[in-house]
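Each chain, written out:
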Amino acid sequence: MELTKEEQAALNGEMGESLKTAYRILVATGEATNAEKLVPIQWAHLSGVNYNTIGDSGEEFLSMLSKDAKVKVKTTLNPMGFDIDNVSKYNLDQNFIEKQQSIRDSYIRMGVDPTFSCTPYEIYDLPEKNTQVSFAESNAAIYANSLGNLKTNKESAFSALASALTGKSPYSDLRKENTESSTTIRMKLENPNEMDFGLLGFFAGKVADTSVSISGVAKPDKRSCKSLCAGMGTSGTCAKFDFVDEENNDSEKVDFGKEEMNNIFDELNSTESGDVITLGSPQLGLDELSDLSSMLKGRAFTKNCMIFCPRPIQNQARKLGYTNEIEKAGGEILSDCCTCLTPLINKDETDAVTTNSVKAAYYLKNSTGVDVNLKSLSKIVEEDTK
């Protein structure tokens, strides 16, 4: 891979150990993806935040790196393991709390914006079309490529961090201009809801390569688009989709109808009822909180309901009064964390969770061992409130 003199000098260690490490990661990534060069990026979004995910070695690495490393571009951050405002309610292990706070502090020392959100595209305005970014969170990367007209590969925690520290990323795969999909999925469901789009995304992640076209459906609302992105990012390497009216004759055609949907549903759904409801994987945006507030007017949850959203979104929702009906209905609004991989939900205290999120269903079942009752938001409001 061709490097500039400045990039080569940094790789040789002439600009310090932190940049040397970052450029080594980028060069290794670039060589593995046949990139001919590095290109500037304007925004990095980092994963590798939750202590449950990165463990002691990750915490120690970040602590060491943050002694002298600083990000060079706008950098946002994925959710961590808890909401500091509510952590006392959950009897969390003190070691977890301390290690999670250490991870948070390391990122802040490096100049990272502590957004703790998997939906940075709902906190900040997106840059202009075709801007190069480096997003590690899978739903955010897919959203950026497919709906935000940006360019990013589905980055790892390491490659996105290296891009944040250098302002560069390997020029490969979806960063290039012409990336035609080799697979077209033909949507055969009528009037799909947000959960159906999540199941479609999960299916697409299994059958498609790096990008996929979807025919037979008009562009859905934002909630369904987010669900599609999250499902797709969970099950495979696919990092871009587009809605098409005319199918590419050269692409492989795959149908997604009731049979395919039911197969994915059966793979993820393991129980008919949950002890706890979780909403927000990806975290809910302002419009979704507004809609939920309207749906809950005059109703109350019959079980605990945890609702995850970014802190800036929660603050806006409070000012606009959207949180009043939600909390009156018994919903607990949490920020800085997410359904996936949080110690707030564990097998020792929770047998099963009800959720409308395909992504949450996958991680709860496969990483936490908690059973999942998967159903749409409208059904949750209909069946789990009174």
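Above this note sits the structure.
Residues numbered from 1 in each chain as written. Predicted model: local features only at pLDDT ≥ 70, side-chain atom pairs only at ≥ 80, totals over all residues. Heavy atoms only, no water.

A. Fine view of the overall build of the protein. Tallying secondary structure elements over the protein gives 14 helices and 14 strands in all. Taking 21 Å as the expected radius of gyration for a compact globule of 386 residues, we find that the protein reaches 21 Å, a close match to that expectation. Along the first, second and third principal axes, the C-alpha atoms of the protein reach 65 × 55 × 35 Å. Relative to its 386 residues, the protein shows a buried fraction of 58%. (Helix = DSSP H or I, 4+ residues; strand = E, 2+ residues; numbered from the N terminus. Rg over C-alpha atoms; globule rule 2.2 N^0.38 Å. Buried < 20%, exposed > 50% of the residue type's maximum accessible area, 1.4 Å probe, protein only.)

B. Broad picture of the sheet that holds strand 14 (residues 371-374). Taken together, the five strands give an open sheet; going across it, the order is 12-11-10-13-14, and neighbouring strands pair in parallel fashion. Edge positions in the sheet fall to strand 12 (331-334) and strand 14, since each has one partner strand and no second. Adjacent strand axes in the sheet meet at a mean angle of 25 degrees when their direction is disregarded. (Pairing = 2+ DSSP bridges. Axes fitted to C-alpha atoms, helices over the stretch in contact; angles between N-to-C directions.)

C. Broad picture of unusual backbone geometry. The residue after Ser281, namely Pro282, is reached through a cis peptide bond having omega 5 degrees. With respect to the helices, strands and loops of the structure, Pro282 is situated in the loop between strand 10 (276-279) and helix 10 (286-295). The backbone of Asp173 shows a phi angle near 50 degrees, a positive value even though the residue is not glycine. Accessibility expressed as a relative area gives 41% for Asp173, which makes it partly exposed.

D. Region of interest: empty space enclosed by the protein. Counting across every chain of the model gives two cavities of 30 Å³ or more. Quantified by volume, the largest cavity comes out at close to 210 Å³. Lining of the largest cavity is provided by 19 residues; of these, Glu194, Arg223, Leu284, Glu288 and Asn356 occupy positions nearest its centre. Broken down by secondary-structure element, the contributors of at least two residues to the lining of the largest cavity are helix 7 (194-207), helix 8 (222-235), helix 10 and helix 13 (358-368). At five residues, the largest contribution of residues to the lining of the largest cavity is made by helix 8. Its residues assigned to classes, the lining of the largest cavity comprises seven nonpolar, seven polar and five charged. Taken as a whole, the second largest cavity holds about 40 Å³ of empty space. Lining the second largest cavity are Thr21, Ala22, Ile25, Phe61, Leu65, Phe158, Leu161, Ala162 and Leu165. The element that contributes the greatest number of residues to the lining of the second largest cavity is helix 6 (residues 157-166), accounting for four residues. (1 Å grid on protein atoms, 1.4 Å probe; cavity = no way out; pocket = protein on both sides within 12 Å on 5 of 7 lines; lining within 4 Å. Points joined across faces, edges and corners; volume = space filled by probe spheres on them. Nonpolar A, V, L, I, M, F, W, Y, C, P; charged D, E, K, R; others polar.)

E. Expanded view of the layout of surface pockets. The computed volume of the largest pocket comes to approximately 410 Å³. Lining the largest pocket we find 20 residues, and of these Ser47, Thr53, Asn78, Glu137 and Leu341 sit closest to its centre. Those elements that provide at least two residues to the lining of the largest pocket are helix 3 (51-65) and helix 13. Per-class residue counts for the lining of the largest pocket are 11 nonpolar, seven polar and two charged.

F. Spotlight on the pattern of salt bridges. Scanning the entire structure with this criterion turns up 21 salt bridges. Among the salt bridges present, the one from Lys99 reaches Asp56, with a minimum N-O distance of 2.8 Å. Separated by 43 residues along the polypeptide, Lys99 in helix 4 (residues 94-109) and Asp56 in helix 3 bring together distant segments of the chain. A relative accessible area of 36% means that Asp56 is categorised as partly exposed. In this structure, the salt-bridge partner of Asp291 is Arg223, at a minimum N-O distance of 3.3 Å. Separated by 68 residues along the polypeptide, Asp291 in helix 10 and Arg223 in helix 8 bring together distant segments of the chain. The class for Asp291 is partly exposed, based on a relative accessible area of 37%. Under the relative-accessibility criterion, Arg223 is labelled buried at 18%. (Salt bridge = Lys/Arg side-chain N within 4 Å of Asp/Glu carboxyl O.)

G. Highlighting the pairing of strand 11 (residues 304-308). Counted residue by residue, strand 11 has four buried out of five residues, so it is predominantly covered. Examined bridge by bridge, strand 10 and strand 11 share four bridges and lie parallel to one another. Bridge assignment links Ile277 to a residue of strand 11, and that residue is Cys305. Between the parallel pair strand 10 and strand 11, the chain is carried across by helix 10, and the sense of this crossover is right-handed. (Right-handed = clockwise from strand over helix to strand, strands pointing away.)

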